[in-house]
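Descriptive analysis of the structure
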Amino acid sequence: MTSSNAGAVAPDLVVPEELSNNVMITNIAKLLDPAYNWARRNSIWPMVFGLACCAIEMICTASSRYDLARFGMEVFRATPRQSDLMIISGTVTKKMVPTIVRLYNQMPEPRYVLSMGACASGGGPFKEGYNVVDGIDKFLPVDVYVPGCPPTPQALINGLIALQEKIDQQSIATAPWYRKDDPTAGVVPIPVLGPDLVDLRKIDTIKREAAKALAEQEKQEAQERETAVSPEAA
Amino acid sequence: MNEAILEAPGSVPPETAVNPVEQAINALKERFPEAVSDDPRDGYSGLLVAADKLPEVALALRDDLGFDYLSSVTGVDLIEDGKLEAVYHTYSIDQGGGSVVLHVQVDRENPVIPTLVPVWPGADFQEREAWDLYGIHFEGHPDLRRILTWDGFHGHPMRKDWKEPFYEEDTKPFGSRWPAGGVLRAEELNPYGQNVQYPPGWVPTGEEYDVETEMYAITGADLAYSIDASQQMKTDKITVNLGPQHPSTHGVFRMVVQLDGETVVDLKPVMGYLHRNHEKIGERNTFLGNIPYTDRLDYLSPISNNHGYVLAVEKLLGSVVPERAEWIRILTVELTRMANHLWAIGFLLNDLGALQTPMLYFYIERELILDFFETLTGARMMNNYMRFGGVAYDLPDDVRGQPTMSFLDELVNERLPKAIEQGNNLMTFNEIVRARSIGVGRLTRQEAIAYSMAGPMLRASGVNYDVRKAEPYSYYASLDFDIPVYYDGDVYDRYRVRMDELQQSLRILRQVLPYLKETEGSPVIDGKPSYAIRIPQPGEAYGRVENPKGELGFYITAKRRSASPERYHVRAPSFINLTSLGKMCQGHKVADIVVILGSIDIVLGEVDR
Ligand code: SF4
């Protein structure tokens, strides 16, 4: 801080003359956040994680013509333990979801999810499929959605820049990954494959609805028995 | 490169008095008068075979009549007759030409058909699929488990009366999406708020469906001691899982491997992680609405997928394709083949450990092809371009500021040949490439045919079979090109077949360019483009093309005046080529698995559909 704005400092704080030109007094968040965010946003390590067609465009984004290196993002890691960005590029199927969630849980925090393409964001052209999950956001907290089928490499880069902007605005003091009460922090229960995909967070609803369905089925069967019996009785 | 043994089997087979298909059909009817009869349905050309006689008929067809190649097996739900049907397409490798189609009909309540795996091992996965999706029980099948869905999945989803957990209407667009201009998401009416349903009274614990443990048991591994276990050192065989999320599996593919030390004892592929219900959706869509879905099958070669599908539907419609459209089709399809092979070879070398460098060099050239596609169709990858009776648009005026024809000239005569030559010089005789790939993942000629391999897999094993020559479509019969064939059937030969095919595609393209100039301005589609396509006559059609990965076939049946297919099946080359994966890997090291898989060149969109 220069002597001209030394007046901003509390009056009882005596700044030695030799330090007055190079000490900055500020609060910790203002000092740390920009430095911390600057480091994180320029060294994002995405995970090698291709699900379908969109993954081809993701690979193209990282290769010859488009080049993610200039964003500090070229280090695609083959393991969740070393990644902080999961690019969900492709169709999320029910059979695959348990694996995706398991990998997400294995990523260290802070971690981000980018949903690439129509399928990952909402089921896309395959929304009506019996094995397709209509949007990974049904399971994981998504930070950035990139539209397209598939999004072009330019679109993905735009999404990554959007993620950088998002990181810029985050603060350690309020970041979700240090807060217990934030629903997006912590472990997401891994869904299981039953007769259909079972989201364990909904187990109460499932039990309740299944019991209701059973009661209805029994009532109907009883009715059928009655109508079947009565003509004989008559 | 120069050692390639190129065989030119003459352009079109001459019209002989008796065609082999007819001959075979007559011979079968004569030999099995009780069991074999003509299919009486309108527009069907195959044979009806009694289920219990099927293996005998198949053996006769294979050994005595020369129809030794089983291309496709699929199920059909004939719900109105209370029957399920299995359909087999068989071809003759030596004679070429069309297929002998066998239809086997069984009772819907108790659908049992003897397996054909002993006759054609290539039926293995396809029968499993028909069991999974239709519930047809193939008696005697060595490993009849779910393949695209998971163990414990509810019901057989391709049956016509199977209701999806969240089910709206038979055809799109769904009413719920546009009531009075507002959008209602029908799944939100579902009590779970999701596209799911569960059986009445079901109480999930999460443990009753222990799919995983069963998966690991499937290699039949009694985890016995290793062969060289001795008193001093006892080693176990172990089971290792690769995928479904693994950088070398080319997508969401999984292999359960049983190892003895580093050596592969057994390997089972596990798939279905990208099963996107292509066929179920395809049977609800209109005919035209299916074209963009075919793009998403083999997403590295979308336009050639279009081609297979439109050929099948054109057979049902009886369309005539104008000349210019045919030339444009060949142009786009061959460029697609090159884009695919550039990718496949780049990736194969990546799998070999040549991390990324060859891949990056080849992608630059692939991007040029994509530039052309983008200007032509509006999309880099999902080029929804072909239409029934032609193509959607004529060629653009310019590509990236350069007149189209000069762009293509430069691409075909300068850029691509140079890139291929460079790649060839760098890699074909490279010590490491040869050491890692020669003799690895061998398939003999007999095995390749028996396992229903297709495309470069088949031709690397010494089988001269290419749909473009065997049953020519489009204008391929009038073009001059060779079919590269190699004879060792290993990873190296598959690589070289692809390298040579790049050259052959260039050769075809050079012949096509002058025709494009000549036909400039003439129509590219037959009649007026139409959305509401209806099929004039009922019947079945099988359209097949030589896709970069092998024979891609579409089996379609339709009723008269119907707007969507009754049955829509895709004969996916990647899926069927995987049948031999276990066999090819046995005896090799773990690191070789990756390379062998790379040499098949699979795309999961097509494997799982
Ligand atoms: S959004 Fe389109 S391109 Fe991406 S995975 Fe889905 S279908 Fe494929």
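It should be noted that the structure appears before, not after, this text.
Counting starts from 1 at the beginning of each chain's written sequence and moves along it residue by residue. A letter from A marks each chain and a number from 1 marks each ligand, given out in the order of writing. Reporting of local features is limited, given that this is a predicted model, to residues whose pLDDT is at least 70; pairs of side-chain atoms are given and counted only at 80 or more, and all residues count toward the totals for whole chains, interfaces and linings. Note that water and hydrogens are dropped before the side-chain values are worked out from all heavy atoms of the structure.

Side note on the packing of aromatic side chains
In summary, the pairing rule links any two rings of Phe, Tyr or Trp, Trp by its six-membered ring, whose centres are within 6.5 Å, and it sorts them by plane angle into stacked for under 30 degrees, edge-to-face for over 60 and tilted for everything else. Applying the stated criterion across every chain, the model contains 21 aromatic pairs over all chains. Seen in terms of ring centroids, Tyr309(B) and Phe554(B) are 5.6 Å apart; in terms of plane orientation they differ by 65°. Their pairing is edge-to-face. Highlighted residues: Tyr309(B) in helix H7 (residues 302-317) and Phe554(B) in strand E18 (residues 550-558), separated in sequence by 245 residues. Classification of residues uses two cut-offs on accessible area relative to the type maximum, computed with a 1.4 Å probe and protein chains only: under 20% is buried, over 50% is exposed, and between them is partly exposed. For Tyr309(B), a relative accessible area of 0% puts it in the buried group. Centroid distance Trp327(B) to Tyr515(B): 4.1 Å. Interplanar angle 5°. Geometry classified as stacked. Remark: Tyr515(B) occurs in helix H15 (residues 491-518) and Trp327(B) occurs in helix H8 (residues 323-351); sequence separation between them is 188 residues. Ring pairing ties together the aromatic residues Tyr130(A), Trp150(B), Phe153(B) and Trp162(B), which thus form one cluster. Ring-over charges, as used throughout, are those where CZ of Arg or NZ of Lys falls within 6 Å of the ring centre and within 35 degrees of the ring normal. The ring of Phe481(B) carries Lys469(B) above its face, with NZ or CZ at 4.1 Å from the centroid. Of note, Arg544(B) hangs over the ring of Tyr91(B), and the distance from its end group to the ring centre comes to 3.6 Å. Secondary structure elements follow DSSP: runs of H or I of four or more residues count as helices, runs of E of two or more count as strands, with numbering from the N terminus.

So, the pairing of strand E5 (residues 83-91) of chain B
Residue and element names in this part refer to chain B. In terms of burial, E5 is a largely internal element, eight of the nine residues being buried. Here strand E4 (residues 69-78) pairs with E5 via nine bridges, running antiparallel. Residue pairing across strands places Leu78 opposite Lys83, the latter belonging to E5. Here, any two strands with at least 2 DSSP bridges between them count as paired. The turn joining E4 and E5, which pair antiparallel and follow one another in sequence, is formed by four residues; a positive phi near 65° is taken by Gly82.

Description of the interface of chain A and chain B
Contact criterion: two residues are considered in contact whenever any of their non-hydrogen atoms come within 4.5 Å of each other. Of the residues lining the interface, 56 residues belong to chain A; the matching set on chain B comes to 66 residues. Each reported salt bridge corresponds to a side-chain nitrogen of Lys or Arg within 4 Å of a carboxyl oxygen of Asp or Glu. Run the count over chain A and chain B and you get three salt bridges. Note that Glu57(A) and Arg380(B) form a salt bridge whose closest N and O atoms lie 2.7 Å from each other. Distance and chemistry together define a polar contact, namely a pair of N or O atoms within 3.5 Å, with one atom able to donate a hydrogen and the other to accept it when in protein, and with adjacent residues in sequence counting only for side-chain atoms on both sides. Counting the contacts that link chain A with chain B gives 16 residue pairs in polar contact (both at pLDDT 80 or more). Looking at the side of chain A that touches chain B, the elements with two or more residues in it are helix H2 (53-62), helix H3 (97-106), strand E4 (192-193), strand E5 (197-198) and helix H6 (203-233) of chain A. Residue classes in the side of chain A that touches chain B are distributed as 31 nonpolar, 12 polar and 13 charged. Following the grouping adopted for this structure description, the nonpolar residues are Ala, Val, Leu, Ile, Met, Phe, Trp, Tyr, Cys and Pro, the charged ones are Asp, Glu, Lys and Arg, and the polar ones are all others, Gly among them.

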